[in-house]
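Notes for the structure review
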Amino acid sequence: MSCRRGALIVLEGVDKAGKTTQCKKLVRALQQSGRPAEMMRFPDRTTQIGQLISSYLEKKNNLEDHTVHLLFSANRWELVPLMKKKLEQGITLVVDRYAFSGVAFTSAKPDFSLEWCKHPDVGLPKPDLVMFLQLNPSVAAERGEFGTERYETSTFQRTVQQRFEQLMKDPSVNWKVIDAARSIDIVHSDIKVLCENTINMSENLPIGELWK
Ligand code: ADP
Ligand code: FDM
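Residues numbered from 1 in each chain as written. Chains lettered and ligands numbered in written order. Predicted model: local features only at pLDDT ≥ 70, side-chain atom pairs only at ≥ 80, totals over all residues. Heavy atoms only, no water.

1. So, the side chain of R5
Among the structural elements, R5 can be located in the segment before β1 (8–13). There is a polar contact of 2.9 Å between the side chain of R5 and the side chain of D128. The contact partners of R5, leaving out residues within four places of it in the chain, are L87, E88, G90, D128, S202, E203, L205, P206 and I207. (Helix = DSSP H or I, 4+ residues; strand = E, 2+ residues; numbered from the N terminus. Polar contact = N/O pair within 3.5 Å; in protein donor to acceptor, adjacent residues only side chain to side chain. Contact = heavy atoms within 4.5 Å.)

2. Some words on the state of the cysteines
Defined simply, a disulfide is a covalent bond joining two cysteines at their sulfur atoms. Tallied over the full model, the rule gives 0 disulfides. With no disulfide of its own, C23 has C195 as its nearest cysteine by sulfur position, at a separation of 9.1 Å. (Disulfide = S-S within 2.5 Å.)

3. Side note on the UniProt feature "domain: Thymidylate kinase-like" (unreviewed entry) in the chain
In this numbering, the UniProt entry assigns the feature "domain: Thymidylate kinase-like" (unreviewed entry) to residues 11–191. Counted over residues 11–191, helix gives 48% and strand 13%. Its end C-alpha atoms are 10 Å apart. (UniProt positions renumbered as here; feature names shortened; annotations may be inferred.)

4. Details of the sheet that holds strand β2 (residues 37–41)
The strand order across the open sheet formed by 5 strands is β2-β3-β1-β4-β5, and the pairing between neighbours is parallel. A single partner strand is all that each edge strand has here, and the edge strands are β2 and β5 (175–179). Ignoring strand direction, the axes of neighbouring strands in this sheet form an average angle of 25 degrees. (Pairing = 2+ DSSP bridges. Axes fitted to C-alpha atoms, helices over the stretch in contact; angles between N-to-C directions.)

5. Points about the nonpolar core
By size, the foremost hydrophobic cluster in this structure holds 41 residues, and its most contacted members are Y98 and F100. Top element by residues in this core is helix α5 (residues 99–106). It accounts for 5 residues. If near-sequence neighbours (up to four positions away) are discounted, F100 is found in contact with V10, E12, P127, V130, F164, L167, V173, W175, L210 and W211. Formed by 21 residues, the second largest nonpolar core is a distinct cluster that contains L129, M131, I191 and C195. (Core = buried A, V, L, I, M, F, W, Y, C linked by side-chain atoms within 4.5 Å. Buried < 20%, exposed > 50% of the residue type's maximum accessible area, 1.4 Å probe, protein only.)

6. Re unusual backbone geometry
Trans peptide bonds make up most of the peptide bonds, and negative phi angles are found at most residues other than glycine. For the bond running from F42 to P43, omega is 0 degrees, close enough to zero to count as cis. Tracing the backbone shows P43 in the loop between β2 and α2 (48–57). Despite not being glycine, K16 has its phi angle at roughly 70 degrees, a positive value. Within the fold, K16 resides in the loop between β1 and α1 (19–32). The backbone of W211 sits at a positive phi, close to 55 degrees, despite the residue not being glycine. Of note, W211 is situated in the segment after α9 (184–202). Taking the relative accessible area as the measure of exposure, W211 reaches 13% and is therefore buried.

7. A look at the site of ligand 1
Ligand 1 sits among 13 residues. The nearest are K16, K19, T20, T21 and R182. In this structure, A17 approaches ligand 1 through a main-chain N or O atom, which is 3.1 Å from an oxygen atom. At a separation of 3.4 Å, a nitrogen atom of ligand 1 approaches a polar backbone atom of I184. For ligand 1, the accessible surface in isolation is 560 Å², of which the surrounding protein chains cover 66%. In terms of residue count, the dominant contributor to the shell around ligand 1 is α1 (3 residues). (Near = heavy atom within 4 Å. Areas by Shrake-Rupley, 256 points an atom, 1.4 Å probe, with all protein chains shown as cover.)

8. Points about the site of ligand 2
The immediate surroundings of ligand 2 are formed by 13 residues, with R45, F72, R76, R97 and G102 found nearest. Here an oxygen atom of ligand 2 sits 3.0 Å away from a polar atom, N or O, in the side chain of R45. Between ligand 2 and R97, the relevant distance is 2.8 Å, taken from an oxygen atom to a side-chain nitrogen or oxygen of the residue. Protein chains bury 90% of the 480 Å² of accessible surface belonging to ligand 2 in isolation. Of all the cavities here, the one that holds ligand 2 is the largest pocket. Elements represented by at least two residues in the shell around ligand 2 include exactly α3 (65–77) and α5. Among the elements that line the shell around ligand 2, the one with the most residues is α5, at 3 residues. (1 Å grid on protein atoms, 1.4 Å probe; cavity = no way out; pocket = protein on both sides within 12 Å on 5 of 7 lines; lining within 4 Å. Sits in = over half its atoms within 2 Å of the grid points.)

In C-alpha coordinates:
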(Lines give C-alpha, C1' and ligand atoms only; values in the text may rest on other atoms or scores of the structure.)
(Ligands and ions follow the chains in the order given, each with its own letter.)
Protein backbone atom coordinates (compact mmCIF):
# COMPACT_ATOMS: atom_id res chain seq x y z
CA MET A 1 0.00 0.00 0.00
CA SER A 2 1.47 3.34 -1.03
CA CYS A 3 -0.27 5.55 1.56
CA ARG A 4 -1.25 4.80 5.13
CA ARG A 5 -4.86 3.70 5.35
CA GLY A 6 -7.43 4.90 7.85
CA ALA A 7 -8.80 2.64 10.58
CA LEU A 8 -12.28 1.13 10.69
CA ILE A 9 -13.64 1.77 14.16
CA VAL A 10 -17.07 0.61 15.34
CA LEU A 11 -19.10 1.55 18.39
CA GLU A 12 -21.72 -0.91 19.55
CA GLY A 13 -23.95 -1.19 22.58
CA VAL A 14 -27.58 -1.20 23.59
CA ASP A 15 -29.91 1.75 23.21
CA LYS A 16 -28.86 4.94 25.05
CA ALA A 17 -25.38 3.60 25.89
CA GLY A 18 -23.97 6.78 24.30
CA LYS A 19 -22.86 5.48 20.89
CA THR A 20 -23.94 8.50 18.84
CA THR A 21 -22.66 11.00 21.42
CA GLN A 22 -19.26 9.29 21.51
CA CYS A 23 -18.96 8.79 17.73
CA LYS A 24 -19.49 12.52 17.15
CA LYS A 25 -17.05 13.55 19.89
CA LEU A 26 -14.45 11.10 18.63
CA VAL A 27 -14.62 12.29 15.03
CA ARG A 28 -14.28 15.92 16.19
CA ALA A 29 -11.31 15.09 18.42
CA LEU A 30 -9.52 13.10 15.70
CA GLN A 31 -10.05 15.89 13.18
CA GLN A 32 -8.78 18.48 15.67
CA SER A 33 -5.62 16.46 16.16
CA GLY A 34 -5.04 16.47 12.40
CA ARG A 35 -6.24 12.94 11.63
CA PRO A 36 -8.79 12.69 8.79
CA ALA A 37 -11.93 11.05 10.19
CA GLU A 38 -15.58 10.70 9.22
CA MET A 39 -18.64 9.27 10.92
CA MET A 40 -20.97 6.69 9.39
CA ARG A 41 -24.00 4.95 10.86
CA PHE A 42 -25.93 1.80 10.17
CA PRO A 43 -28.62 1.54 9.14
CA ASP A 44 -27.81 4.32 6.67
CA ARG A 45 -31.37 5.51 6.16
CA THR A 46 -30.52 7.72 3.15
CA THR A 47 -30.31 4.97 0.49
CA GLN A 48 -33.32 3.22 -1.10
CA ILE A 49 -32.67 0.11 1.00
CA GLY A 50 -32.18 2.37 4.04
CA GLN A 51 -35.56 3.98 3.46
CA LEU A 52 -37.26 0.57 3.47
CA ILE A 53 -35.47 -0.24 6.73
CA SER A 54 -36.40 3.12 8.21
CA SER A 55 -40.09 2.70 7.56
CA TYR A 56 -39.88 -0.82 9.03
CA LEU A 57 -38.27 0.60 12.19
CA GLU A 58 -40.91 3.34 12.33
CA LYS A 59 -43.55 0.58 12.06
CA LYS A 60 -44.92 2.10 8.86
CA ASN A 61 -44.44 -1.22 7.07
CA ASN A 62 -44.03 -4.84 8.07
CA LEU A 63 -41.32 -7.04 6.61
CA GLU A 64 -40.73 -10.73 7.13
CA ASP A 65 -37.93 -11.20 9.73
CA HIS A 66 -35.39 -12.98 7.48
CA THR A 67 -36.03 -10.43 4.75
CA VAL A 68 -35.38 -7.42 6.95
CA HIS A 69 -32.22 -9.04 8.29
CA LEU A 70 -30.93 -9.39 4.72
CA LEU A 71 -31.88 -5.78 3.98
CA PHE A 72 -29.83 -4.53 6.96
CA SER A 73 -26.89 -6.54 5.61
CA ALA A 74 -27.45 -5.29 2.04
CA ASN A 75 -27.42 -1.75 3.44
CA ARG A 76 -23.87 -2.41 4.70
CA TRP A 77 -22.72 -4.11 1.49
CA GLU A 78 -23.97 -1.25 -0.68
CA LEU A 79 -21.64 1.09 1.21
CA VAL A 80 -18.56 -1.16 1.09
CA PRO A 81 -17.04 0.39 -2.08
CA LEU A 82 -17.29 3.86 -0.49
CA MET A 83 -15.92 2.63 2.85
CA LYS A 84 -12.92 0.98 1.18
CA LYS A 85 -12.23 4.07 -0.90
CA LYS A 86 -12.22 6.32 2.16
CA LEU A 87 -10.07 3.94 4.21
CA GLU A 88 -7.56 3.71 1.36
CA GLN A 89 -7.49 7.52 1.18
CA GLY A 90 -6.32 7.51 4.79
CA ILE A 91 -9.67 8.50 6.33
CA THR A 92 -10.56 6.82 9.62
CA LEU A 93 -14.21 5.75 9.70
CA VAL A 94 -16.04 5.90 13.02
CA VAL A 95 -19.16 3.78 12.64
CA ASP A 96 -22.27 3.90 14.84
CA ARG A 97 -23.46 0.22 14.78
CA TYR A 98 -22.35 -2.44 12.27
CA ALA A 99 -22.86 -6.15 11.61
CA PHE A 100 -22.77 -6.91 15.36
CA SER A 101 -26.03 -4.99 15.87
CA GLY A 102 -27.36 -6.84 12.86
CA VAL A 103 -26.69 -10.21 14.47
CA ALA A 104 -27.61 -9.20 18.04
CA PHE A 105 -31.00 -7.74 17.10
CA THR A 106 -32.19 -10.44 14.69
CA SER A 107 -30.94 -13.29 16.86
CA ALA A 108 -32.91 -11.80 19.77
CA LYS A 109 -36.04 -12.82 17.82
CA PRO A 110 -37.37 -16.36 18.33
CA ASP A 111 -35.87 -19.13 16.16
CA PHE A 112 -32.87 -17.21 14.81
CA SER A 113 -29.42 -18.65 15.47
CA LEU A 114 -26.31 -16.50 15.79
CA GLU A 115 -24.71 -18.54 12.98
CA TRP A 116 -27.53 -17.94 10.50
CA CYS A 117 -27.54 -14.24 11.33
CA LYS A 118 -23.79 -13.86 10.77
CA HIS A 119 -23.72 -15.40 7.27
CA PRO A 120 -24.78 -12.46 5.08
CA ASP A 121 -22.14 -10.21 6.70
CA VAL A 122 -19.23 -12.65 6.31
CA GLY A 123 -16.48 -10.89 4.34
CA LEU A 124 -17.46 -7.29 5.11
CA PRO A 125 -14.52 -4.98 5.88
CA LYS A 126 -13.38 -6.10 9.32
CA PRO A 127 -13.27 -3.39 11.96
CA ASP A 128 -9.82 -2.78 13.42
CA LEU A 129 -11.53 -2.06 16.74
CA VAL A 130 -15.04 -2.65 18.09
CA MET A 131 -15.85 -0.81 21.29
CA PHE A 132 -18.83 -2.11 23.20
CA LEU A 133 -20.35 0.57 25.41
CA GLN A 134 -21.50 -1.44 28.40
CA LEU A 135 -24.45 -0.01 30.34
CA ASN A 136 -26.76 -1.58 32.85
CA PRO A 137 -30.39 -1.39 31.64
CA SER A 138 -31.49 0.43 34.81
CA VAL A 139 -28.87 3.17 34.21
CA ALA A 140 -29.90 3.35 30.55
CA ALA A 141 -33.51 3.84 31.68
CA GLU A 142 -32.45 6.94 33.64
CA ARG A 143 -31.23 8.49 30.36
CA GLY A 144 -34.79 8.92 29.16
CA GLU A 145 -37.80 7.06 27.87
CA PHE A 146 -37.48 4.58 25.05
CA GLY A 147 -38.60 5.93 21.69
CA THR A 148 -41.47 4.44 19.76
CA GLU A 149 -39.47 2.61 17.08
CA ARG A 150 -39.49 -1.15 16.73
CA TYR A 151 -37.17 -2.97 19.22
CA GLU A 152 -37.29 -0.08 21.72
CA THR A 153 -38.55 -2.07 24.70
CA SER A 154 -36.61 -3.11 27.78
CA THR A 155 -37.33 -6.85 27.42
CA PHE A 156 -36.10 -6.96 23.83
CA GLN A 157 -33.02 -4.87 24.73
CA ARG A 158 -32.12 -7.34 27.50
CA THR A 159 -32.08 -10.22 25.02
CA VAL A 160 -30.03 -8.07 22.60
CA GLN A 161 -27.49 -7.50 25.39
CA GLN A 162 -27.17 -11.28 25.90
CA ARG A 163 -26.57 -11.79 22.18
CA PHE A 164 -23.85 -9.11 22.20
CA GLU A 165 -22.23 -10.97 25.10
CA GLN A 166 -22.16 -14.15 23.00
CA LEU A 167 -20.64 -12.27 20.05
CA MET A 168 -17.95 -10.76 22.29
CA LYS A 169 -16.59 -14.25 23.05
CA ASP A 170 -15.24 -14.38 19.48
CA PRO A 171 -11.48 -13.68 19.69
CA SER A 172 -11.21 -13.04 15.92
CA VAL A 173 -12.76 -9.62 16.55
CA ASN A 174 -10.85 -6.90 18.43
CA TRP A 175 -13.49 -6.16 21.10
CA LYS A 176 -12.94 -3.63 23.87
CA VAL A 177 -15.56 -3.24 26.55
CA ILE A 178 -16.01 0.33 27.76
CA ASP A 179 -17.79 1.21 31.00
CA ALA A 180 -20.38 3.62 29.61
CA ALA A 181 -21.87 4.54 32.99
CA ARG A 182 -19.15 7.16 33.56
CA SER A 183 -19.33 10.80 32.43
CA ILE A 184 -19.34 11.62 28.72
CA ASP A 185 -15.85 13.18 28.96
CA ILE A 186 -14.26 10.28 30.82
CA VAL A 187 -15.71 7.72 28.41
CA HIS A 188 -14.48 9.90 25.55
CA SER A 189 -10.90 10.05 26.77
CA ASP A 190 -10.74 6.23 27.08
CA ILE A 191 -12.15 5.82 23.60
CA LYS A 192 -9.81 8.39 22.10
CA VAL A 193 -6.69 6.65 23.43
CA LEU A 194 -7.88 3.26 22.14
CA CYS A 195 -8.58 4.77 18.74
CA GLU A 196 -5.29 6.55 18.40
CA ASN A 197 -3.44 3.33 19.19
CA THR A 198 -5.59 1.44 16.69
CA ILE A 199 -5.00 4.02 13.95
CA ASN A 200 -1.24 3.71 14.46
CA MET A 201 -1.33 -0.11 14.56
CA SER A 202 -3.51 -0.61 11.47
CA GLU A 203 -2.11 2.01 9.10
CA ASN A 204 0.22 -0.45 7.33
CA LEU A 205 -1.99 -3.55 7.54
CA PRO A 206 -4.45 -4.68 4.85
CA ILE A 207 -8.16 -4.31 5.60
CA GLY A 208 -9.37 -7.64 7.01
CA GLU A 209 -12.51 -9.64 6.21
CA LEU A 210 -15.09 -10.05 8.94
CA TRP A 211 -15.88 -13.58 10.26
CA LYS A 212 -13.78 -15.24 7.49
P1 ADP B 1 -27.14 5.72 21.75
O2 ADP B 1 -26.63 6.28 20.43
O3 ADP B 1 -26.26 4.63 22.27
O4 ADP B 1 -28.57 5.31 21.71
P5 ADP B 1 -26.95 8.49 22.67
O6 ADP B 1 -25.57 8.93 22.38
O7 ADP B 1 -28.03 8.92 21.72
O8 ADP B 1 -27.01 6.89 22.84
O9 ADP B 1 -27.29 8.95 24.14
C10 ADP B 1 -28.58 8.71 24.73
C11 ADP B 1 -28.87 9.81 25.76
O12 ADP B 1 -27.99 9.66 26.87
C13 ADP B 1 -28.66 11.22 25.23
O14 ADP B 1 -29.60 12.06 25.83
C15 ADP B 1 -27.24 11.57 25.71
O16 ADP B 1 -27.06 12.96 25.90
C17 ADP B 1 -27.18 10.83 27.04
N18 ADP B 1 -25.82 10.35 27.37
C19 ADP B 1 -24.89 9.84 26.53
N20 ADP B 1 -23.78 9.50 27.20
C21 ADP B 1 -23.99 9.78 28.50
C22 ADP B 1 -23.20 9.63 29.71
N23 ADP B 1 -21.96 9.12 29.69
N24 ADP B 1 -23.76 10.02 30.87
C25 ADP B 1 -25.02 10.53 30.89
N26 ADP B 1 -25.82 10.69 29.80
C27 ADP B 1 -25.32 10.32 28.62
N1 FDM C 1 -30.56 -2.69 13.82
C2 FDM C 1 -29.45 -2.03 13.42
C3 FDM C 1 -30.85 -3.97 13.36
O4 FDM C 1 -31.87 -4.56 13.74
N5 FDM C 1 -30.00 -4.57 12.48
C6 FDM C 1 -28.88 -3.94 12.03
O7 FDM C 1 -28.13 -4.51 11.19
C8 FDM C 1 -28.59 -2.62 12.52
C9 FDM C 1 -27.36 -1.91 12.04
O10 FDM C 1 -32.01 -0.87 14.06
F11 FDM C 1 -32.93 -0.81 16.96
C12 FDM C 1 -31.49 -2.01 14.74
C13 FDM C 1 -30.92 -1.50 15.99
C14 FDM C 1 -31.83 -0.32 16.33
C15 FDM C 1 -32.24 0.20 14.98
O16 FDM C 1 -31.61 2.43 15.41
C17 FDM C 1 -31.44 1.42 14.54
P18 FDM C 1 -30.66 3.73 15.46
O19 FDM C 1 -31.34 4.56 16.52
O20 FDM C 1 -30.75 4.34 14.09
O21 FDM C 1 -29.27 3.31 15.84
